[in-house]
Every structure is written in C-alpha cells, then in structure tokens.
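Okay, here's what each chain looks like letter by letter:
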Amino acid sequence: MTVALPEPYFLHGEPKQVLVFFGGTGHLFTQKILPALYFLQKEGRLEKAVLIAIGRRFSTQTEYQNFVFQNLKQHLPTAKDSSLLKLAKSFHYLSGSLEDAQTYRELNRLLPPLPQEIIFYLSTLPSLYQKVVLSLKEHVLSAVAPRSQKIALEKPFGRDEESFAQLESTLKTVFSEEEIYYVDHYLGKETVLNLIILKAENLFLERLLSGEFVQQVHFVVSEKEGVGERGTFYQETGAIKDMVQNHMLQLLTLLAVDIPTLCEEDRKECEQFVVTMNRRRTHLLEEVALPPAKEIKLGQYQSYQAEVNQLHSRVETLVQMPLYLQNPRWSGVPFWLSTGKKLAQKTSFIEVTFNSLTETPNRLLIEIQPEEKIDLIVNVKKFGRELRSVPAKLNLCLSGSFQAATPQAYQKIIHDILLGDHTIFPNSSFIRNSWKIIDKLLALIDKENLTPKIYPDHSPLPVF
Ligand code: BG6
C-alpha cells in the first residue's frame, strides 16, 4: 500500500469543519458529489470546510488534484478554470485501502486534535460500510474528539431488512440517530421537494389526491444508460433494490401521505411538521400491499449479460408493477411503478390520472427530469363555433417561472448535512419498513419463479 502524506492542514490554520470522503475516486463522487461541491464552494458554503478524500487509484496529492480538476472540467465545461482549480487544490488526498488499519492511522494524522466537526461521507462500496465504521471507532474517533460528528451514507443500506439492522446497529455503536444521514438523492431534487409544498399549501390538490378522485398513479424513472462500469454492484442489486426500495418508495409515500399543516413562522411547529410527515410516511409503508404475481413484470436489456460478462444472469434491469395502499384514502388505487435501464428516454415523472367521464382524463403531471415542471391537464373549449373540448395544460415550469437554475440534488444534500437539517433524509424506521416490502416482493418473485424477459436496448416504455 502506498500512502501519500499530505501535510496536516491544521498546520496552516485553525481547526475547522472537516469533510472526509471515502470513495474519493469513485463514480458517484466524480459524477455527482464533485459538481455539487463546486456550486457549494461558489456560494461560499465551504469557506470553513477542509476536504479530505480517500481513494486507491492515485498515490500522490498532485495526481489526485489533477484528477479532480479534469473531472470538474468535464462536468462543468463553462465554469472558469480558476474556480475549478480552487476546488481541486483544496483537496487533501489520502491514498490507501479502507480495509487497512494504516489508512485510518494516516487519516488520524491529518485531523486536528480538536476539530469543531467531522463529517464522514461514505460513497464507497456498501459492503465496506461496517468495516469503515468500526475502523473509525477504533483508530480515529478514539484519538480525536470532535465537538460534533456526523456520518453520511449512500444507498443501498444493506441488502435486506436483516443486513440493514446489522448495519444500523454497527452505526449506532459510534453515532446517534441524529448524527446519521442516510442519503437518497431523489429527496434532494427540487420537483420532488415541491411535492411537499404542493400538497401542504394547496388544500384543494391535497383533497383531490385520494381514491375518491384518482383512478391511478404512475411513477416512472426511465434511464437511457445501461449499468456501464457498475456491473459488479448491479449484479448484487438489480432494479428492485437499486431503485424501488428507495427512490420509488420515497416518491410514492410523498405523494400519498396525509400531509400535516405546514407552518413557516414557528420553527418548532415546522420541526413538528417534518417529524409528523416522516412518521406518517413510514407508517404508509406498513399499508403497502403487493400485487398478484402476474402483475409483476421484470425485464433485462438485451446487451446486459454481455456488458456485465455474466452469460446466465437473471438480474432484472427493469420492473413494472402496481402497489396498493390498504387505507381508506387510497383503497383500490393502483400505484404503478416503472423503472428500467437502457430505455429509449431518460425521464422521471409522476402522473396522477383522475376519474373522468371524458375521453381525455384530467391528469396531474409532475416531471422531475429532464425538465422540472408541473402540468395540470384539463379540458377546455376547442377554438371555434362548436361546443367541443380539447385537453390543455396549466403549466408551471420551475426554471422558467423562477428564472433560476435549480440546484443540483447533491448540492442540497451536502448543504443540509453541513447545516444538520434532517428534513430530506430518511430515518432508520423508514428504511426498515421499505426493506420489509422488498423482502416480501423478492420472496414472491422467488416463489413464483418470475424471471426477467429480455427487451431490446433502448425500448420505449411500456416495454411489455
Ligand atoms: C441511483 C442508482 O441511486 O440513481 C442508479 O443507483 C441510477 O442506478 C440513479 O442510475 C438515477 O438517478 P438520476 O438522478 O439520474 O435519476
């Protein structure tokens, strides 16, 4: 193992907020976290932060900083080189394996004796999470005593309910629930957060969102890309654990929850709002009922097996199925989930179809990407003499209406971790309940021997 030894930063100034990124050369870090850090730095949010990245690919700090610069340049081609360099140069790099105690001893050396706050951000292989936490406990936190400590973890949190429970209990030997941030980046997306306001601040809409008026709801996350270099990870995960267990159940519960009253003025009540909303969303998961097996469609894109080099892989890259909520508000309404890779389009949206007597039903369309917009489709009079109707959109385009670039999801996520705001982070009860659903779903798939059907690369939805 080669360990590059940058100078401890505290030799150059006061102890500050320290962010330690595990997996500092990985896909997620370069694609999402780095660009978010760039915008946070531009906003001045990282003035007091020291950035440390741990990885294995490079052995020197200069090599790593070059890598960061090149990555930033690729993602932010219009940004000034000088500001990209500023961020790249602010990284302290530690080269080493996360399975080696020496790496943690070196990390220790980089940390000041009394840091105000240390934030450990785990964007490394999930199979290493427990090892990292235990090593932090043994080698790092026993030697430095930060005034405050936090840990952020990327999904998947375990492989099932049981492994999540093990992970949680390891985490809790070092961190309290308030110090743990389970990251689901869908909750950092502007339109997803808008759902909360849309429901809480438009009573008519909240009332319309129920089985009395709604025929069906459809959640779609369709991706153009295949699994690419994440084949090993994906072979263990598949679409159900990668997308349904987290992002899609988050969307479902946000749309279906009985939203509490939002109060902006009184901070305490707002905190209460978040607590109540999260409790209700967690409870909703207990009311989820699975569909009959024949309604569950699994797919695998044609080139998947060659891409991951596993000729007989039965891993699903696509899921289409309804879920039901067994409560008076939503009884009988199908919540369709469709998600897949290597499809015709990259798009995510929620479509609520209302009961209707006309040919074109009223719909509420909440588009998350590529655009961020909300459309209400209503029938209006067709121009001309006859009294005939035509569907029209009442449209809110978020970027157009507010004349601003919407912040990236990870910008919001890292910002909120720095602030210590838990609003957009699922808690352990939510995650536990979501695994219960997934465990039951996978048991049903296994019992009924459902296997994925092959679909041509870049098929449009619905695939089957
Ligand atoms: C991640 C999944 O959580 O979300 C990826 O692990 C997926 O497989 C990604 O590609 C989709 O995120 P987004 O923001 O591009 O829709």
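Only a predicted model underlies this, so the values are computations on that prediction, with no experimental measurement involved.

Asker: Could you clarify how one ought to interpret the overall build of the protein in this entry?
Answerer: For the protein, the helix and strand inventory stands at 14 helices and 16 strands. What you see for the protein is a C-alpha radius of gyration of 23 Å, in line with the 23 Å of a compact globule of 464 residues. Taking the principal axes of its C-alpha atoms as reference, the protein extends roughly 80 × 55 × 40 Å. The burial tally for the protein puts 54% of its 464 residues in the buried class. A separation of at least 24 residues holds for 76% of the contacts in the protein among residues at least 6 apart in sequence.

Asker: What's the story with helix H2 (residues 61–75) in this structure? I'm lost.
Answerer: One turn of an α-helix holds 3.6 residues; hence residues three or four places apart share an orientation. Its 15 residues give H2 an end-to-end C-alpha distance of 21 Å, which sits within 8% of 21 Å, the value for a rise of 1.5 Å per residue. The set of residues buried in H2 consists of Tyr-64, Gln-65, Phe-67, Val-68, Phe-69, Asn-71 and Leu-72. Residues of H2 that are buried sit in contact with helix H1 (27–42), strand E2 (49–55), helix H3 (81–89) and strand E3 (91–95).

Asker: Looking at this model, I keep getting lost on the domain arrangement of the protein. Mind explaining?
Answerer: When the parts of a complex come together, some accessible area is lost, and that lost area is often taken as the interface size. One can read the domain layout of the protein as domain 1 (17–154) and domain 2 (187–455). Domain 1 puts 20 residues into the contact, and the matching count from domain 2 is twelve residues. Contact between domain 1 and domain 2 buries roughly 1400 Å² in total, counting both sides, with carbon and sulfur atoms accounting for 71%. The largest share of the area that domain 1 buries against domain 2 comes from His-27, Leu-40 and Lys-150, three residues that together contribute 28% of it. On the surface where domain 1 and domain 2 come into contact, there are zero salt bridges. At the surface where domain 1 touches domain 2, the tally comes to five residue pairs in polar contact (both at pLDDT 80 or more). Only strand E1 (17–22), H1, strand E4 (117–122) and strand E5 (148–154) provide two or more residues apiece to the side of domain 1 that touches domain 2. No other element matches H1, which puts nine residues into the side of domain 1 that touches domain 2. Each residue belonging to the side of domain 1 that touches domain 2 can be placed in one class, and the counts come to twelve nonpolar, two polar and six charged.

Asker: Would you take a moment to explain the confidence of the model for the protein for this structure?
Answerer: As a note on interpretation, predicted positions should not be read in detail where pLDDT is low. With 93% of its residues at a pLDDT of 70 or more, the protein shows a mean pLDDT of 91. Low pLDDT, under 50, characterises residues 1–12; the stretch is placed with 42 contacts to residues that sit more than four places away or in other chains.

Asker: Would you mind going over the pattern of salt bridges with me for this structure?
Answerer: Note that side chains of opposite charge can pair when their charged atoms are close. As enumerated under the stated definition, the model contains 21 salt bridges in all. Salt-bridge contacts for Glu-177 lead to Lys-172; the nearest nitrogen and oxygen are separated by 3.0 Å. A relative accessible area of 25% places Glu-177 in the partly exposed class. We classify Lys-172 as partly exposed; its relative accessible area is 36%. The shortest N-O distance in the salt bridge between Glu-351 and Arg-363 comes to 2.7 Å.

Asker: Looking at this structure, how should I read the site of the ligand?
Answerer: Near the ligand lie 13 residues; those nearest to it are Tyr-186, Glu-223, Asp-242, Lys-346 and Gln-369. Contacts to the ligand include Lys-189, whose side-chain N or O atom sits 2.6 Å from an oxygen atom. A distance of 2.6 Å separates an oxygen atom of the ligand from a polar atom in the side chain of Gln-369. When the ligand sits alone it has 400 Å² of accessible area, and the protein chains cover 87% of it. Considering only residue class, the shell around the ligand consists of two nonpolar, three polar and eight charged.

Asker: Which parts of the structure should I look at to understand the packing of helix H6 (residues 161–172) against helix H14 (residues 428–447)?
Answerer: If you want to describe how two helices pack, look at the angle between their axes and the distance between the axes. Interaxial distance between H6 and H14 falls to 9 Å at its minimum, and their mutual angle equals 160°. Judged by the inter-axis angle, H6 sits roughly antiparallel to H14. For the pair H6 and H14, the crossing hand works out as right-handed. Residue-level inspection shows Glu-161, Phe-164, Glu-168 and Lys-172 of H6 in contact with H14, the latter providing Ser-428, Ile-431, Arg-432, Trp-435, Lys-436 and Asp-439.

Asker: Sorry if this is basic, but what is going on with the pairing of E4 here?
Answerer: Strand residues, when the strand is regular, have side chains that alternate between the two faces of the sheet. Among the six residues of E4, six are classified as buried, and the element is accordingly described as predominantly covered. Neither face of E4 is left uncovered, since the one carrying Glu-117, Ile-119 and Tyr-121 and the one carrying Ile-118, Phe-120 and Leu-122 both have all their residues buried. Sheet analysis places E1 next to E4, joined by six bridges and oriented parallel. Within E4, the residue paired with Val-18 across the bridge is Ile-118. As paired elements, E4 and E5 share six bridges and run parallel to each other.

Rules used in this analysis
Residues numbered from 1 in each chain as written. Predicted model: local features only at pLDDT ≥ 70, side-chain atom pairs only at ≥ 80, totals over all residues. Heavy atoms only, no water. Helix = DSSP H or I, 4+ residues; strand = E, 2+ residues; numbered from the N terminus. Rg over C-alpha atoms; globule rule 2.2 N^0.38 Å. Buried < 20%, exposed > 50% of the residue type's maximum accessible area, 1.4 Å probe, protein only. Contact = heavy atoms within 4.5 Å. Expected span 1.5 Å × (residues − 1). Domains from an automatic or database assignment. Buried area = accessible area lost by both parts, 1.4 Å probe. Salt bridge = Lys/Arg side-chain N within 4 Å of Asp/Glu carboxyl O. Polar contact = N/O pair within 3.5 Å; in protein donor to acceptor, adjacent residues only side chain to side chain. Nonpolar A, V, L, I, M, F, W, Y, C, P; charged D, E, K, R; others polar. pLDDT = per-residue confidence, 0-100. Near = heavy atom within 4 Å. Areas by Shrake-Rupley, 256 points an atom, 1.4 Å probe, with all protein chains shown as cover. Axes fitted to C-alpha atoms, helices over the stretch in contact; angles between N-to-C directions. Parallel < 35°, antiparallel > 145°, perpendicular 65-115°, else oblique. Left-handed = near helix turned anticlockwise from the far one by under 90°. Pairing = 2+ DSSP bridges.

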